[in-house]
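Summary of the model geometry
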Amino acid sequence: MIVLITGMDGFVGSHAAEYLLSLGGVTLHGTHLPGGSTANIDHLRGRITLHEADITDAEGIARIVLDVRPDNVIHLAGQAFVPTALRDPFGTFTVNIMGGVAVLDAARRQAEASGAGPGVLLVSSGEVYGKLHMEAISEDSPVRPENPYAVSKASVDLIGQEYRRTFGVRVSVVRPFNHAGPRQSPAFVSSDFGRQFALIAEGKSAPVIRAGNLESRRDFTDVRDVVRAYWAILTHPSPHTVFNLCSGRVVAIGELIDMFQEISGIRVTIQTESARTRGGDAPLVAGSYARLHEATGWRPEIPLARTLADVFAYWREEVRRAS
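In this report, the structure presented in the accompanying data block is examined. Nothing here was measured: the structure is a model prediction, and the numbers come from that model. (Residues numbered from 1 in each chain as written. Predicted model: local features only at pLDDT ≥ 70, side-chain atom pairs only at ≥ 80, totals over all residues. Heavy atoms only, no water.)

**Quick notes on the pairing of strand β6 (residues 170–176)**
The criterion, for reference: Three labels apply to residues, based on accessible area from a 1.4 Å probe with only protein chains included: buried if under 20% of the type maximum, exposed if over 50%, partly exposed otherwise in between. Here a helix means four or more residues in a row that DSSP labels H or I, a strand means two or more in a row labelled E, and each is numbered from the N terminus. Note: two strands are recorded as paired if DSSP finds a minimum of 2 bridges between them.
Counting buried residues in β6 gives six out of seven residues, a clear majority hidden from the surface. In this sheet, β6 lies alongside strand β5 (residues 119–123) in parallel orientation, the contact comprising five bridges. Across the sheet, residue Val123 finds its bridge partner in β6, namely Val174. Across four bridges, β6 lies against strand β11 (residues 242–245) in parallel orientation. If you follow Arg175 over to β11, its bridge partner there is Asn244.

See below:
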């Protein structure tokens, strides 16, 4: 089995690589940005083959796919942060939409050249649903993106479905909700809190946690459960194209701080800052993974407390290394 992961050097990509290697029998290739850091996957050197690639270079991506001839492609390369999309919508649309098209068209070209194209897992986002006031958003819920990042994901989501219908590319589209785990950028809330607690634990910061809206309720899934789900989707043929990926459980952002306090043994003062609050945030984002479970048997296994404990441990090590 040959698998190509675009954006293998990223948060999710590195965990996907670890998981696939743990299965055995997988020859693993990955792309990373020229000149970008490969720190997340340096420990896998010798077990993976890396290709420098700009995901928006359609011809370059096609050359890699035609050379590697993967059985499956997990497309993770892209811009994943809403505030960045608000600052740079053009760049976000270019990377997320045209990068996705580059991968899809490379798969189409491989199929035309060899008669058998790869399965493609195209990663969309739960953000495509916008501010739906529902306890369990399903794949049949209306798509109403409300920021440039969400629009970019909704666009490539629909394009992926079209490549399946029109060109017969074996595309599956997954819409993950919030996920968390070690190596995630501190631009994301659970990692941000974990880093702040680690700085406090190592005596680098006062016991004050800076936060935004503590009342928002979100559905978090451990990244290691996420990559299991990605592989389950690719290896379980289904008549469905689109799958939600979530835990089915919601937690208020303020509860994350409470959990980190228990994990770290540190009591903190919370300082809310308007700069950390995203305007127009939905008060509740909760998904249903019923279709995914029915199709593959997948269900989340790692409790949020363990996820946050691992995030805290990761950041303590990073803070110590930087000292």
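**Section: the pattern of salt bridges**
Side chains bearing opposite charge may pair, as long as their charged atoms lie close to each other. Selection criterion: Any Lys or Arg side-chain nitrogen found within 4 Å of a carboxyl oxygen on Asp or Glu counts as a salt bridge.
With the rule as written, the count across this model stands at 21 salt bridges. Residues Glu262 and Arg267 are paired through a salt bridge, measuring 2.9 Å at the closest nitrogen-oxygen approach. The two residues Glu262 and Arg267 agree in class, both being exposed. Three or more residues are tied together by salt bridges with common partners; here these are Asp222, Arg224, Arg306 and Asp310.

**A look at the environment of Trp298**
Threshold: Contacts between residues were defined by any pair of non-hydrogen atoms, one from each residue, lying within 4.5 Å. What qualifies as a polar contact is a pair of N or O atoms within 3.5 Å, subject to a donor-acceptor requirement within protein and to the restriction that residues adjacent in sequence count only when both atoms come from side chains.
Relative to the elements of secondary structure, Trp298 occurs in the loop between α9 (290–296) and α10 (304–322). On a C-alpha basis, the gap between Trp298 and Arg228 in space is 7.9 Å, while along the polypeptide they are 70 residues apart. Excluding residues that lie within four positions of it along the chain, Trp298 makes contacts with Thr221, Asp225, Arg228, Ala229, Leu245, Cys246, Tyr289, Leu292 and His293. Looking at Trp298, its side chain comes within polar contact range of the main-chain oxygen of Asp225, at 3.1 Å.

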